[in-house]
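The residues making up each chain are set out below.
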Amino acid sequence: MFDFLEKSSNIPIEYYMWLSGILFSIGVMGVLMRRNVIIMLMSIELMLNAVNLLFIAFATFLNDPKGQVFVFFIMLVAAAEVTVGLAILTLIYRNTKSVDIDFLKKLKG
Amino acid sequence: MQAALFYGLSIVAIMCACGVVVSRNPIHSVLFLILTFFSISGHYILMNAQFIALVNIIVYAGAIMVLFLFVVMLLNLNKESEPHKSDLVKIIAATSAGLFSLVLVGVLKGATLPAYEGMMDSENGLVKNLGRVLFQEFLLPFELSSILFLSAMVGAVLLGKKNVQA
């Protein structure tokens, strides 16, 4: 299909590992830095995607389609997580009129 | 050609990921995240995982991000009303994330990898092969994920209802 993609092994797998490490830490930074729940959820999505990228890289370089099936399952779980998370978020907004995570300290005990 | 594509897509992905975290308007964050997903899909195509690339665009950029956009617009959050954390907390967060990435990259740099064959099967990521693996070895998790989806859907509807009669 794509001629120039036929042998993809000229990019070493280490580069993909570093890229997904950097993307994962950007997601960690987002969770730590922001107070908006929506942006924290998006940072979690970013972390999941970094993991997906690493899965695909290893699946490609070890020549094993099981890694790609795992990515498929991670996507399914992420979709379910976002659905429930956003429902909880709208509920929180309805009660507190805010999406600020610092209002939710009551669970701290 | 391939190296250029790799570097370009990586730079776009990292820049847009930073944009997600830094931008003040949630709508801009959502749009940056969609761009990040597209560049990650480009990486998937580069690695001959065409099916996963398409699913990534359809599920993430299509469904999940539209959900996010709906919530942002429904709650009328597309303004910069969010109170921000203090600068000290931001600096601490950025430092710890940077140290984390340093540790991650350092560890991965020192890892010994199994030797892989130079030439890979370019048919690996096509629907035919993936479907065979999915419905032979991973049939039980596949069916279980449908139960997960059902419960997530019921939970979301139940949470979203205005008044739940007990």
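Residues numbered from 1 in each chain as written. Chains lettered and ligands numbered in written order. Predicted model: local features only at pLDDT ≥ 70, side-chain atom pairs only at ≥ 80, totals over all residues. Heavy atoms only, no water.

### Regarding the interface of chain B and chain A
Move 1: Taken together, the contact pairs 85 residues of chain B with 77 residues of chain A.
Move 2: Across the chain B/chain A interface, buried area totals approximately 7,800 Å², and carbon plus sulfur atoms make up 76% of it.
Move 3: Across the pair Glu137(B) and Lys66(A) runs a salt bridge whose closest N-O atoms are separated by 3.5 Å.
Move 4: There are five residue pairs in polar contact (both at pLDDT 80 or more) connecting chain B and chain A.
Move 5: Contributing elements (two or more residues each) for the side of chain B that touches chain A: helix 1 (2-22), helix 2 (26-46), helix 3 (50-74), helix 4 (87-110), helix 5 (127-136) and helix 6 (139-160) of chain B.
Move 6: When grouped by side-chain class, the residues that make up the side of chain B that touches chain A number 57 nonpolar, 18 polar and ten charged. (Contact = heavy atoms within 4.5 Å. Buried area = accessible area lost by both parts, 1.4 Å probe. Salt bridge = Lys/Arg side-chain N within 4 Å of Asp/Glu carboxyl O. Polar contact = N/O pair within 3.5 Å; in protein donor to acceptor, adjacent residues only side chain to side chain. Helix = DSSP H or I, 4+ residues; strand = E, 2+ residues; numbered from the N terminus. Nonpolar A, V, L, I, M, F, W, Y, C, P; charged D, E, K, R; others polar.)

### Comments concerning the confidence of the model for chain B
Fine structural detail should not be taken from predicted coordinates in areas where pLDDT scores are low.
Move 1: Of the residues in chain B, 87% reach a pLDDT of 70 or more, and the chain-wide mean stands at 85.
Move 2: Interface confidence in the predicted complex, given as ipTM, is 0.87; pTM for the same model is 0.87. (pLDDT = per-residue confidence, 0-100.)

### So, the environment of Ser29(B)
Move 1: Residue placement: Ser29(B) occurs in helix 2.
Move 2: Here Ser29(B) falls in the buried class, since its relative accessible area comes to 0%.
Move 3: Once the C-alpha coordinates of Ser29(B) and Ile11(B) are considered, the two residues, 18 residues apart in sequence, prove to be 17 Å apart.
Move 4: With residues near it in sequence (within four places) discarded, Ser29(B) still touches Ile39(A), Met42(A), Gly19(B), Val20(B) and Ser23(B).
Move 5: Within the structure, Ser29(B) has its side chain in polar contact with the side chain of Ser23(B) (distance 2.9 Å). (Buried < 20%, exposed > 50% of the residue type's maximum accessible area, 1.4 Å probe, protein only.)

### What to know about the nonpolar core
Burial of nonpolar side chains together is a common tendency in soluble globular proteins.
Move 1: Ranked by size, the top nonpolar core spans 64 residues in total, and within it Met42(A), Tyr44(B), Met65(B) and Phe68(B) carry the most contacts.
Move 2: Ignoring any residue separated from it by four or fewer positions in sequence, one finds Phe68(B) in contact with Ile38(A), Leu41(A), Met42(A), Glu45(A), Val82(A), Leu86(A) and Val30(B). (Core = buried A, V, L, I, M, F, W, Y, C linked by side-chain atoms within 4.5 Å.)

### Concerning the confidence of the model for chain A
Move 1: Of all residues in chain A, 89% have pLDDT values of 70 or greater, and the mean over the chain is 84.
Move 2: Across chain A, the secondary-structure element scoring lowest on mean pLDDT is helix 3 (residues 66-96) of chain A, at 89, and the one scoring highest is helix 2 (residues 37-61) of chain A, at 91.

### Points about the environment of Leu113(B)
Move 1: By the secondary structure assignment, Leu113(B) is in the loop between helix 4 and helix 5.
Move 2: Ignoring anything within four residues of it in the chain, the contact list for Leu113(B) reads Ile13(A), Glu14(A), Met17(A) and Phe58(A).

### Digging into the packing of aromatic side chains
Move 1: Enumeration over the complete set of coordinates arrives at 14 aromatic pairs over all chains.
Move 2: Seen in terms of ring centroids, Phe24(A) and Phe100(B) are 5.8 Å apart; in terms of plane orientation they differ by 40°. Their pairing is tilted. One end of the pair, Phe24(A), is in helix 1 (residues 13-33); the other, Phe100(B), is in helix 4, on a second chain.
Move 3: Judged by its relative accessible area of 32%, Phe100(B) falls in the partly exposed class.
Move 4: Cluster of aromatic residues (ring-pair linked, three or more members): Tyr15(A), Tyr16(A), Trp18(A), Phe61(A), Phe6(B) and Tyr7(B). (Phe/Tyr/Trp six-rings, centres within 6.5 Å; stacked < 30°, edge-to-face > 60°.)

### Observations concerning helix 4 of chain B
An α-helical turn contains 3.6 residues, so a residue and the one three or four places further along point in the same direction.
Move 1: Here helix 4 of chain B is 24 residues long and its end C-alpha atoms lie 34 Å apart, about the 34 Å a rise of 1.5 Å per residue gives.
Move 2: Within the sequence span of helix 4 of chain B, burial applies to Lys90(B), Ala93(B), Ala97(B) and Ser101(B). (Expected span 1.5 Å × (residues − 1).)

### Section: the packing of helix 1 of chain A against helix 2 of chain A
Residues and elements named next belong to chain A.
Move 1: Running from N to C, helix 1 and helix 2 cross one another at 170°; their axes reach a closest spacing of 8 Å. On the basis of the axis angle, helix 1 is roughly antiparallel to helix 2. Considering only the axes of helix 1 and helix 2, their crossing is left-handed. Each of Ile13, Tyr16, Met17, Leu19, Ser20, Leu23, Phe24, Ile26, Gly27, Val28, Gly30 and Val31 in helix 1 lies in contact with helix 2, whose residues at this interface are Met40, Ser43, Ile44, Leu46, Met47, Ala50, Val51, Leu53, Leu54, Ala57, Phe58 and Phe61.
Move 2: Residue composition of the contact of helix 1 with helix 2, by class: 20 nonpolar, four polar and no charged. (Axes fitted to C-alpha atoms, helices over the stretch in contact; angles between N-to-C directions. Parallel < 35°, antiparallel > 145°, perpendicular 65-115°, else oblique. Left-handed = near helix turned anticlockwise from the far one by under 90°.)

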